[in-house]
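# Topology and contacts: notes
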Amino acid sequence: MGRQCILKGQQKMKCTRAVIERHGGPEMIGWVEDDLPAPGPGQVLVEHGAVGLNFIDTYHRTGLYPIELPNGLGLEAAGRIIALGDGVTGFAVGDRVAYMGPGLGAYATHRVMPADALYRLPDDIPDDIAAAAILKAATVEALVERCAHVKPGDTVLVHAAAGGVGLLMVQWLKAIGVQVIGTVSSQAKADIAFAAGCDHVIRYDRDEIAPGVRELTDGAGVPVVFDGVGKDTFIASLDSLSPRGLLVSFGNASGPVDGVNLGILAQKGSLFVTRPTLFHYYASPEDRALGIARVWSMLGSGKVEVTIGKTYPLTEAAQAHRVLEARKTTGSTVLIP
Ligand code: NDP
């Protein structure tokens, strides 16, 4: 009954959402206005308070990661539920929630989502912080704790340490007692990476990475490298590892790593390489519940703080993409409907 009233009251409301008809540059992000959609069985309608910008959005836009066209864009948003579909239990109208997929379409004022993809937001986490962090912090949780099993006392290398994932990862690693060497492309970013807790920072715009890591580790190298830069840093990442070390190659900001001869892993020290994606670590309801509980606990503890470097109106997403791809951002970028 309450549900019908809500939908009836909103029948004339409109929703604005991004659409990609063809792959290409930021100018490919178009906008359409629709009637507010009604949630089907098992779904809810979320009114977005904030939308998270992620580098993966640029891969979907360019086609580096194949998607069907036309399609929406964006994986991550936070807001409040304004209507429930049939059969939804455990949520009520007015509940504050966030999500990080599945499917594209977060660049929108409103979105119909499966109820089981939603995470309830703690009261002390505002929409913009949640949208800036949920996907990125869950990535950090999965990569640090369940993929690489980093241990207190380890020293690890984190590329793009002043970026969205990077700043969260540096703080997370410090919170669990790890020494962190970060890489960045400018002095301004180095200052930010140090402030986040990096013990050492290598300016990879001017200095060689692997010799720097060897010098900082008395020649030993590091047991784990987290590399979201991809193509430009792949070999330097391998060269920074200690024997039997692990390269967690989790992104392609500079382009994808391809054409690898596995023999180099033997030559460089019987190395391990994994190419993880968050969604395989958040596939089951149990993994999702445990992972997100850990994320909220880390954010709530104050040991991991979320930095929103830039905020744009939602419909200026194309400009936000340009700035992100030009390496001009630090921390997270958020789009506000
Ligand atoms: P960032 O905020 O980290 O932005 C990317 C950063 O990469 C830039 O700021 C820049 O830092 C660095 N970079 C190096 N070379 C280039 C280049 N040629 N072009 C652009 N940037 C470059 O982005 P996110 O935090 O959103 O994502 C970080 C990485 O994590 C991405 O590769 C993303 O795909 C990956 N990711 C992977 C996930 C997974 O499940 N596998 C989940 C989430 C993110 P600097 O100027 O210091 O070099």
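What this report covers is the structure whose coordinates are included nearby.

Calculation criteria
Residues numbered from 1 in each chain as written. Predicted model: local features only at pLDDT ≥ 70, side-chain atom pairs only at ≥ 80, totals over all residues. Heavy atoms only, no water. Near = heavy atom within 4 Å. Polar contact = N/O pair within 3.5 Å; in protein donor to acceptor, adjacent residues only side chain to side chain. Areas by Shrake-Rupley, 256 points an atom, 1.4 Å probe, with all protein chains shown as cover. Helix = DSSP H or I, 4+ residues; strand = E, 2+ residues; numbered from the N terminus. Domains from an automatic or database assignment. Pairing = 2+ DSSP bridges. Axes fitted to C-alpha atoms, helices over the stretch in contact; angles between N-to-C directions. Contact = heavy atoms within 4.5 Å. Expected span 1.5 Å × (residues − 1). Bend = angle between axes of the 7 residues up to and from the residue. Buried < 20%, exposed > 50% of the residue type's maximum accessible area, 1.4 Å probe, protein only. Core = buried A, V, L, I, M, F, W, Y, C linked by side-chain atoms within 4.5 Å.

### Details of the site of the ligand
Of all residues adjacent to the ligand, which total 28 residues, the nearest are Ser-185, Lys-189, Tyr-204, Gly-228 and Leu-278. Taking Phe-250, its main chain carries an N or O atom lying 2.9 Å from a nitrogen atom of the ligand. Here an oxygen atom of the ligand sits 2.6 Å away from a polar atom, N or O, in the main chain of Leu-278. Compared with its free state, where it exposes 910 Å², the ligand has 93% of that area covered by protein. Secondary structure elements with two or more residues in the shell around the ligand: α2 (55-62), α3 (127-147), α4 (164-175) and α11 (317-325). Looking at the shell around the ligand, the element that brings in the most residues is α3, giving 3 residues. Here the shell around the ligand spans two domains, and each of domain 1 (14-133 + 283-336) and domain 2 (152-275) adds at least three residues to it.

### Comments concerning the sheet that holds strand β12 (residues 241-249)
Whether parallel or antiparallel, the strands of a sheet pair through hydrogen bonds between backbone atoms. Ordered by their spatial adjacency, 6 strands build an open sheet running β10-β9-β8-β11-β12-β13, and the pairing between neighbours is parallel. Each edge of the sheet is formed by a strand with only one pairing partner; in this case those strands are β10 (200-203) and β13 (272-274). Between one strand axis and the next, the sheet turns through 15° on average, direction left out of account. In the sheet, strand β8 (residues 155-158) pairs with strand β9 (residues 179-184) via 4 bridges, with the strands oriented parallel. Bridge assignment links Val-156 to a residue of β9, and that residue is Val-180. Contacting β11 (222-227), β12 and β13, α3 crosses the sheet at an angle of about 150° to β12. Contacts between α4 and the sheet are confined to β8, β9 and β11, with β8 contributing the most and set at about 175° to the helix.

### Points about α3
Over its 21 residues, α3 runs 28 Å from end to end, which matches the ideal 30 Å to within 8%, given 1.5 Å per residue. Along its length, α3 shows its largest kink, about 40°, at Ala-133. Counting buried positions along α3 gives 17 out of 21 residues, so the element sits mostly inside the fold. At the exit of α3 stands His-149, carrying a positive phi of roughly 50°.

### With respect to the nonpolar core
Formed by 63 residues in total, the largest nonpolar core has its most connected members in Met-169, Leu-173, Phe-226 and Tyr-282. When residues of this core are assigned to their parent elements, the largest contribution, 13 residues, is made by α3. Here this core spans two domains, and each of domain 1 (14-133 + 283-336) and domain 2 (152-275) adds at least three residues to it. Beyond its immediate stretch of four places on either side in the chain, Phe-226 contacts Leu-143, Val-144, Ala-148, Val-150, Val-156, Leu-157, Val-158, His-159, Met-169, Leu-173, Val-248 and Phe-250. Listed in part, the 30 residues of the second largest apolar core include Ile-20, Ala-117, Leu-118 and Val-323.

Function cannot be inferred from these measures alone, as they are strictly geometric.
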